[in-house]
Amino acid sequence: EAAEGEAKLSDEITSSKNFINEYDAKGEAQVVVGKKLLNRELTEKEFSFTISAIGDAPMRDADMKAYQATALTVKNGAPEGAEKIGPVSIPVFHYERGEAGSKFIYEITENRITDPSVTQNTTTGPAKIYAEVTVGADQGNGSLDAATIKYYKTYKAEAAEGEAKLSDEITSSK
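Counting from 1, residues in each chain are numbered in the order their sequence is written. With the structure being a predicted model, the display of local features is reserved for residues of pLDDT at least 70 and the display and counting of side-chain atom pairs for 80 or more, all residues being used for whole-chain, interface and lining totals. Side-chain numbers here rest on the full set of heavy atoms in the structure, without hydrogens or water.

Caption draft 1: Here's a closer look at the overall build of the protein. Counting from the N terminus, the helices are DSSP H or I runs at least four residues long and the strands are E runs at least two residues long. The number of helices and strands found in the protein is 0 helices and 10 strands. Helices and strands appear in the protein in the N-to-C order β-β-β-β-β-β-β-β-β-β. The 174 residues of the protein split such that 30% are buried. Counting only contacts in the protein whose residues sit at least 6 apart along the sequence, the fraction spanning at least 24 positions is 61%. Surface accessibility in these figures is a Shrake-Rupley result with a 1.4 Å probe; residues are shielded only by whichever protein chains are displayed. Of the accessible surface of the protein, which amounts to about 11900 Å², a share of 47% is contributed by carbon and sulfur atoms. The classification of residues rests on relative accessible area computed with a 1.4 Å probe and restricted to protein chains. Under 20% of the type maximum is buried, over 50% is exposed, and intermediate values are partly exposed. Working rule for contacts: check all heavy atoms of both residues, and any pair within 4.5 Å makes them a contact.

Caption draft 2: Summary view of the pairing of strand 9 (residues 148-155). Between any two strands, pairing holds if DSSP finds at least two bridges. The sheet contact formed by strand 8 (residues 128-134) and strand 9 spans 5 bridges and is antiparallel. Residue pairing across strands places Ala 131 opposite Tyr 151, the latter belonging to strand 9.

Caption draft 3: Just the environment of Ala 66, in detail. Tracing the sequence through the fold places Ala 66 in the loop between strand 3 (48-54) and strand 4 (71-75). Residue classification places Ala 66 among the exposed positions, given a relative accessible area of 55%. Beyond its immediate chain neighbours, meaning those up to four positions away, Ala 66 contacts Met 59 and Arg 60.

Caption draft 4: Representation of the environment of Ala 131 in the model. You can see Ala 131 is positioned in strand 8. Note on Ala 131: relative accessible area 0%, which makes it buried. Each C-alpha atom, one on Ala 131 and one on Phe 104, is 8.1 Å from the other, the two residues being 27 residues apart in sequence. Residues contacting Ala 131, with those up to four places away along its chain left out, are Val 31, Phe 104, Ile 105, Tyr 106, Ile 108, Ile 149, Lys 150 and Tyr 151.

Caption draft 5: Representation of the environment of Ile 149 within the structure. Mapped onto the elements of the fold, Ile 149 is located in strand 9. In this structure the C-alpha to C-alpha distance between Ile 149 and Lys 103, which are 46 residues apart in sequence, comes to 9.4 Å. Non-local contacts of Ile 149, meaning those with residues more than four positions away in its chain, are made with Ala 29, Gln 30, Val 31, Ala 131, Glu 132 and Val 133.

Caption draft 6: Seen up close, the side chain of Glu 132. If you trace the backbone, Glu 132 turns up in strand 8. Counting rule for charge: Lys and Arg are taken as positive, Asp and Glu as negative, and neither His nor the chain ends is counted. In what follows, salt bridge is the name for a side-chain nitrogen of Lys or Arg lying within 4 Å of a carboxyl oxygen of Asp or Glu. With no salt bridge to any partner, buried Glu 132 finds its closest opposite charge in Lys 103, at an N-O distance of 4.3 Å. Setting aside chain neighbours within four positions, we find Glu 132 in contact with Lys 103, Phe 104, Thr 148, Ile 149, Lys 150, Tyr 152 and Leu 166.

Caption draft 7: Structural context of the packing of aromatic side chains. Pairing of aromatic rings covers Phe, Tyr and Trp, the last counted by its six-membered ring, and requires centre-to-centre distances within 6.5 Å; plane angles under 30 degrees mean stacked, over 60 mean edge-to-face, and any other angle means tilted. Under the criterion given, the structure shown has 4 aromatic pairs. Consider the rings of Phe 93 and Tyr 106, whose centres lie 5.0 Å apart with planes at 20°: the pair is stacked. Of the two residues, Phe 93 sits in strand 6 (residues 93-96) while Tyr 106 sits in strand 7 (residues 103-110), which places them 13 residues apart along the sequence. In this structure Phe 93 comes out as buried when scored by relative accessible area, which is 0%. On the basis of relative accessible area, Tyr 106 is assigned to the buried category, the value being 0%. Between Tyr 95 and Phe 104 the ring centres are 5.8 Å apart and the planes differ by 10°, which places this aromatic pair in the stacked class.

Function-wise, these values are silent; they only describe arrangement.
And the structure:
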């Protein structure tokens, strides 16, 4: 026991005299698709869509927790702009530093339409859309660069060596 005015030292450090912190960086991406209905006004939440992760594509919220399901069902929003396209509200997905530069694929499908006056997957649009998300690089400040997202009509799970798994890139919103 230390006498009055005398310092008492305890718990001597024998392993490391370094302060240690852990660095992490996070980023996000939002897959964006739209719904257009020909020959009549589209209404909000009229159609539903499912987004599914292909392979090890993460589907995490802002707290970096995986969504409970491996596929999420979402609805279209109210039509916007001159084209009257209803945005499909897909959640923002979040990525970790170790995923920087990685590519992940998500499949978006329109769910079965029950209205007999509306034709399912007309020939003017794709039956499925595949989104390829390339996670951005670590900026060194706790965040990842913006992700790059490309959209495709075709995905081959069993592509031959040298053959692309994704093809028929969608470059226009029309």
